[in-house]
Amino acid sequence: MATREALQAWDPASTRPAVTPPLSIHHAIHPHLRHWLLGLLAARAGEADAVAEEAEALAELEIPAGEDVLIERLARTLEAERLRLQGDPAAALAALEGARADLWFQYVVASPVHAGGYERFLRAELLEAVGREREAAAWLGAIAERSPYELVFREPARRRREGLLKGLRGER
């Protein structure tokens, strides 16, 4: 709750620009990140309407030059979370699958936002939810292979993948 309140109170325009990479690459998208993070916290709380509100607020922001692919992915992530909360994992998966993936590798390595680890883990969860366990296992197996910011997902992905593979082999 405190994190959500702090994000709601945060004025991105008043944030002093960072000069050190990788933090400097995020300055132009601070308002976008605020709405995305508030949407993710709303999703965690099970509040589909609040997720939709944050997605709408994100969509109303001007997109900085060169950030269209990332901002689209953030928006699609919120849409996927909303649809998942509404009990439609297939539509949620379709929302994620429609995102473009042409991000600059240097940004992927340097930024937790550009790395997309959360979205990749979410995609694996949705693949499993719609019965595409083999694909889910493949996505989980690739987590933490392209960015150090995905390391936080490595152990949960490994455990989930192990369970999926056991299920596919008919083990308990």
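Everything below is about the structure printed above this text.
Every residue gets a number counted from 1 within its own chain, in the order that chain's sequence is written. Only residues with pLDDT of 70 or above have their local features reported here, since the model is predicted, and side-chain atom pairs are shown and tallied only from 80 upward, although totals for entire chains, interfaces and linings are computed over all residues. Note that water and hydrogens are dropped before the side-chain values are worked out from all heavy atoms of the structure.

Asks: Give me the lowdown on the pattern of salt bridges, citing residues and values where you can.
Replies: Any Lys or Arg side-chain nitrogen located within 4 Å of an Asp or Glu carboxyl oxygen qualifies as a salt bridge. A complete count under the given rule lists 17 salt bridges for this structure. The partner of Glu-135 in a salt bridge is Arg-132, with the nearest N and O atoms 2.8 Å apart. The cut-offs for exposure are 20% and 50% of the maximum accessible area for each residue type, with area from a 1.4 Å probe on protein chains only; residues under the lower value are buried, those over the upper are exposed, and the others partly exposed. A relative accessible area of 35% places Glu-135 in the partly exposed class. Its salt-bridge partner being Glu-162, residue Arg-158 comes within 3.0 Å of it at the nearest N-O pair. Here Arg-158 pairs with Glu-162, and both are found in helix H10 (residues 151-168), just 4 residues apart, close to one helical turn. The exposure class assigned to Arg-158 is partly exposed, which follows from its relative accessible area of 39%. Judged by relative accessible area, Glu-162 falls into the partly exposed class, the value being 40%. A run of H or I in DSSP counts as a helix once it spans at least four residues, and a run of E counts as a strand once it spans at least two, with each numbered from the N terminus.

Asks: I'd like a rundown of the environment of Gly-98, residues and numbers included.
Replies: Locating Gly-98 in the fold gives a position in the loop between helix H5 (89-97) and helix H6 (105-110). The sequence separation of Gly-98 and Arg-158 amounts to 60 residues, and the corresponding C-alpha distance is 26 Å. When residues no more than four places from it in sequence are discounted, the contact partners of Gly-98 are Glu-72 and Arg-76. Contact between two residues is taken to exist if any of their heavy atoms lie within 4.5 Å; hydrogens are not considered.

Asks: Go over the layout of surface pockets with me, naming the residues and quoting the values.
Replies: Empty space within the largest pocket amounts to approximately 550 Å³. Every residue lining the largest pocket is counted, 24 residues in all, and those nearest its centre are Trp-36, Leu-40, Arg-44, Tyr-118 and Phe-153. Taken together, the elements giving at least two residues each to the lining of the largest pocket come down to helix H1 (2-9), helix H2 (30-44), helix H4 (68-85), helix H7 (112-115) and helix H8 (117-129). We call Asp, Glu, Lys and Arg charged. Ala, Val, Leu, Ile, Met, Phe, Trp, Tyr, Cys and Pro are nonpolar, and the rest, Gly among them, are polar. Looking at the lining of the largest pocket, its residues break down into 14 nonpolar, 3 polar and 7 charged. Definitions used throughout: a 1 Å grid over protein atoms alone; a cavity as a set of points that fits a 1.4 Å probe which cannot get out; a pocket as an open set with protein on both sides within 12 Å along at least five of seven lines; a lining residue as one with an atom within 4 Å of a point. Grid points are joined across faces, edges and corners, and a volume is the space filled by probe spheres set on the points.

Asks: I'd like to hear about the environment of Ala-48, residue by residue, with values.
Replies: Topologically, Ala-48 is positioned in helix H3 (residues 48-60). Sequence separation of Ala-48 and Thr-20 is 28 residues, and the distance between their C-alpha atoms is 36 Å. Not counting residues up to four positions away in its chain, the partners in contact with Ala-48 are Arg-82, Leu-85 and Gln-86.

Asks: Provide a residue-level description of the side chain of Ser-111, including the pertinent values.
Replies: In this structure, Ser-111 sits in the loop between H6 and H7. What makes Ser-111 buried here is its relative accessible area of 0%. Polar contact criterion, stated in full: a pair of N or O atoms within 3.5 Å, where within protein one must be able to donate a hydrogen and the other to accept it, and residues adjacent in sequence count only if both atoms are side-chain atoms. Engagement of the side chain of Ser-111 in a polar contact is seen with the backbone nitrogen of Val-113, the distance being 3.1 Å. Excluding its chain neighbours within four sequence positions, the residues that come into contact with Ser-111 are Ile-25, His-26 and Tyr-149.

Asks: Could you give me a rundown of H5, with the residues and numbers involved?
Replies: Among the residues of H5, Ala-92, Leu-93, Ala-95 and Leu-96 are the ones counted as buried. One face of H5 carries all of its buried residues, which in axial projection span an arc of 155°. The elements touched by buried residues of H5 are H4 and H8. It is the directions from the helix axis to the C-beta atoms that the arc portrays.

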